[in-house]
Each structure stands twice: as structure tokens, then as C-alpha cells.
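Working through the structure, step by step
The residues making up each chain are set out below.
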Amino acid sequence: MLANRAQAALTRVKTRRVAPGVSFVVTMLEIDGAYGEGGGQLLRTAVALSAITGRSVRVSNIRAGRARPGLAPQHIAAVRAVAALCDAKVRNLVPHATQIDFEPGAIRGGSFRFDVGTAGSVMLVLQALLPVAVAGNAPCRVVVTGGTDVRGAPPGDYVRHVLLPRLAELGVDASVEVKRRGYYPGGGGEIELVFSSAQLRPQRWEAVGRVHRIRGRAHVAQLPQRIAERMREAAQRVLDLAAKAQVEAEHEDEAAGPGGAIVVWVEGEAGVLGAGRIAERGIRAETLGVAAAKEILSDLEVGAALDTHAADQILVYLALAGAESSFTIRELTRHARTAMWLNEQFLPVRHEASEQGKVTRVRVLGHRRKAF
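Conventions used here
Residues numbered from 1 in each chain as written. Predicted model: local features only at pLDDT ≥ 70, side-chain atom pairs only at ≥ 80, totals over all residues. Heavy atoms only, no water. Helix = DSSP H or I, 4+ residues; strand = E, 2+ residues; numbered from the N terminus. Expected span 1.5 Å × (residues − 1). Salt bridge = Lys/Arg side-chain N within 4 Å of Asp/Glu carboxyl O. Buried < 20%, exposed > 50% of the residue type's maximum accessible area, 1.4 Å probe, protein only. Pairing = 2+ DSSP bridges. Contact = heavy atoms within 4.5 Å. Axes fitted to C-alpha atoms, helices over the stretch in contact; angles between N-to-C directions. pLDDT = per-residue confidence, 0-100. Parallel < 35°, antiparallel > 145°, perpendicular 65-115°, else oblique. Left-handed = near helix turned anticlockwise from the far one by under 90°. Nonpolar A, V, L, I, M, F, W, Y, C, P; charged D, E, K, R; others polar. Right-handed = clockwise from strand over helix to strand, strands pointing away.

Quick look at helix 2 (residues 40-53) now. Compared with the 20 Å implied by 1.5 Å per residue over 14 residues, the 20 Å span of helix 2 between its first and last C-alpha is a close match. Just downstream of helix 2, glycine 54 is the residue with a positive phi angle, here 75°.

Here you go:
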């Protein structure tokens, strides 16, 4: 079904003029930005895969179904970051644009600095550029300023304690340090990514297995410390039902503005599961702590190997690993399905998903032969 729908969303643009009277045929993938989840993730993944494969892409109908269609500052920052890593030419990269052309060059390493300019998520910028650095095996140091803990994006502690350990299992040597927290609407946070090397290897993740420990961190800045304590206490009460948990509560003295978040994670004998919530005006601290804890327990109860947030982000790395990988998940989200579809447009892979009891098994069927 994914392959059939892909054909409806895919066309080719076929000429490039290189000198007066001289042209040659190239292929540019034209991706419908309204496909699937139809949001910023589709755009970020499309330009990342363009950089990885060296194949130009046109993304149209960007965020067409959103209340405010087109490019927001965080989307522009992500595309600029990927472009910097591969010396790409980008057309129409302006606020509110609903179509861009991205023509990649060679992937390179080095030191980079990007500013989202708002509270837009710095973690989503990393989500776009890290697979590019990994595919090119191009060591780099990247500093990004903006929002470190904002709605609609993985919190900084989730990336550090859940996503990066999972990528390490795949063979990715990278670290992220949250230099300064930044919250909505002011932003002003700062993170540093250091990527050293990668030797991707396929994985078959069945479940996290026996729980070694459950950890977490609740934090606030420029708000009463008691709010972080309430998030911590609520999460700990729920998590202790599964195993003794250690959840910390902190006050961030160096943050750029007021805000808070909680992230909890399970360290098992065969992997990590995580969940997080961002503090919001009008939502009780206890509600946030309980929601994050219950999400993790739901994954543990069904025996999932990956949480839904990790699956969305890891699919591109599994597609690059070159042979069959698989994992189990409690729920296959639209974001994951969209990531699977995009992988198949650029890479010689296909995906299969099947229900097995309380989980869904996802198989990434790759080929050792590179087609780019």
C-alpha cells in the first residue's frame, strides 16, 4: 500500500542547464509535503535523505494542513543546518514558503553554529542534521540555540538519555550537552552536539527485557522549585508500581526564561524506553508527571522494544544500515509511517509492519548494495 501511494506523490523534474546551449538530464524527486503526517518532520527527513543520497528534492505543499502553513523559523533552521553540512543550494527558503528546492553537494564535517531565532526546537534541528553526518561519517561539532524543551519535540534529556544510547547500539558515536535550557516562547537555550564517527550495524530489537533501573529528571527555571518536586513525586508514585524509580528534581539557574519539563526512562537489559512532558500554563505538575510515567509503563506492559518517539527518529538509521533490521513497538504512528515512506523514496529499502499480539513488529528490509 505504501508503494502505491508513493507513486501518486512522486514525480520527476528532468533538466538542468549548465552552460549556454548545454544541458543534461538529472532527476529531482518531487515530494508532496502534505503526505502522511504532513508536518515539519517530513520536510526535515526529505532534505536529510537528499543530502545523504546526493539526489535533489523539491518539497511542495509544506505543512499544508497546519493552521499556519509553510516554513516556520525552526524549519528554516533545520534546512539551513543540513545545507551547511553538504554545501547545498536551496531555493525559496523564506518564512511561510510552501515549496523549496534542495540541491545537495558533498557531505563535510567541521564546526557549525545555528540559531533558530525563536523557541523553535533545537532538537528537531539535530534530528535533521545528525543522520547526514552519520551517513557521511563526517565528524562535526554543532551548537544550536533556540528551544531545548518545547512542545511537539523531544526534550533535551530524552535525546541524551534515550535516543543517543539507542543510536550507540547502532554504532553511532555522538554526544549532546544541554548548555542552557530554553523554553517557549523566549527560547534562548543552547545545546552542543559532537559527532565523532559511525559504523552502522543492523539491529533486531525484541524488547527491553528485565528492568535494571528507572530514572528521570524534572526541572524548572524561573518558577518555584516545588513545581519540579510535584512532577517528580507524581511520576515516582506511578513508576514505583513497576520497579523502584529514581527521579530527580532540579532548578535550572542558567535557563534563558521560565519553563520546565520532565523526562523518565527505563534502562533494561536490552535497551532503553523513554517519555517526557513539557510544562504548560494551566496544566498541573502532577498531571505531567503521571502522563510521562504511564506512557513508559504502557510500553513495558506490552513488551515494546522502542517507544514511539524513538521509532520515528531511528527508522532512517536502520534504513542506512544496509541489511535487515526490526523492532517492536506499542503503536505505529503516522510519523513513523511517513518516515518509512520517505526512506523508500530515496533508499533501496522497503518496510513491513505486522501486528503480533499487543505489539507491532516493523521490519526494515535493506540491501547491502548502495544505490546512490
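Turning to the pattern of salt bridges, a few remarks are in order. Counted under the stated rule, the structure contains 34 salt bridges. The closest approach of N and O atoms between arginine 217 and glutamate 250, which form a salt bridge, is 3.1 Å. On the criterion of sequence distance, the pair formed by arginine 217 in strand 13 (residues 211-221) and glutamate 250 in strand 14 (residues 245-251) is long-range, its members being 33 residues apart. Among the residues examined, glutamate 250 registers a relative accessible area of 25% and is labelled partly exposed. Each of Asp149, Asp157, Arg160, Arg181, Arg217, Glu248, Glu250 and Glu252 takes part in one network of salt bridges that share partners.

What follows concerns the sheet that holds strand 18 (residues 350-356). Here 4 strands make up an open sheet; going across it, the order is 12-17-19-18 and the pairing mixed. Sheet topology places strand 12 (204-205) and strand 18 at the edges, where each strand pairs with a single neighbour. Of the strand pairs in this sheet, strand 18 and strand 19 (residues 359-365) are connected by 7 bridges, and their pairing is antiparallel. Paired with histidine 351 across the bridge in strand 19 is valine 364. Packing against the sheet, helix 8 (residues 308-320) makes contact with strand 12, strand 17 (325-329), strand 18 and strand 19, and its axis sits at approximately 175° to strand 17.

The share of residues in the chain with pLDDT of 70 or more is 91%, and the mean pLDDT across the chain is 90. The spread of mean pLDDT over the elements of the chain runs between helix 1 (residues 2-9), the lowest at 33, and strand 7 (residues 100-103), the highest at 98. Throughout residues 1-26 the model reports pLDDT below 50, and contacts reaching past four residues in sequence, or to other chains, amount to 45 contacts. Note that pLDDT drops below 50 for residues 368-372; the model gives that stretch 7 contacts with residues more than four away or on any other chain.

Here we take up the packing of helix 2 against helix 9 (residues 334-346). Remark: helix 2 packs on helix 9, axes separated minimally by 10 Å, with the N-to-C direction vectors making an angle of 25°. Here helix 2 is positioned roughly parallel relative to helix 9, judged by the angle of their axes. The handedness of the crossing between helix 2 and helix 9 is right-handed. Contacts from Gln41, Leu42, Thr45, Ala46, Leu49, Ser50 and Thr53 of helix 2 reach helix 9 at His335, Thr338, Ala339, Trp341, Leu342, Asn343 and Phe346. Considered class by class, the residues forming the contact of helix 2 with helix 9 number 7 nonpolar, 7 polar and no charged.

To continue, consider the pairing of strand 17. A large share of strand 17 lies buried, amounting to 5 of its 5 residues. Every second residue of strand 17 is oriented toward a common face, with Ser325, Phe327 and Ile329 on one face and Ser326 and Thr328 on the other, all of them buried. In this structure, strand 12 lies alongside strand 17, joined through 2 bridges in parallel fashion. By the bridge assignment for strand 17, arginine 204 is matched with serine 326. Looking at chain direction, strand 17 and strand 19 are connected through 5 bridges and run antiparallel. Within the sheet, the bridge partner assigned to isoleucine 329 lies in strand 19 and is threonine 360.

Taken together, the 7 bridges between strand 13 and strand 14 define a ladder with parallel strand orientation. When the sheet's bridge partners are listed, histidine 219 is paired in strand 14 with glutamate 250. Note on the crossover from strand 13 through helix 6 (residues 225-239) to strand 14: the handedness is right-handed.

The mixed open sheet is built from 4 strands, whose spatial order is 8-9-11-10. Of all strands in the sheet, those with a lone pairing partner are strand 8 (110-115) and strand 10 (172-180), marking the two edges. Ignoring strand direction, the axes of neighbouring strands in this sheet form an average angle of 15°. In this sheet, strand 11 (residues 189-198) lies alongside strand 9 (residues 140-146) in antiparallel orientation, the contact comprising 7 bridges. Among the inter-strand pairings, valine 143 is bridged to a residue of strand 11, identified as glutamate 192. Across the sheet, helix 4 (residues 122-136) touches strand 8, strand 9, strand 10 and strand 11, and the angle it forms with strand 11 is around 15°.

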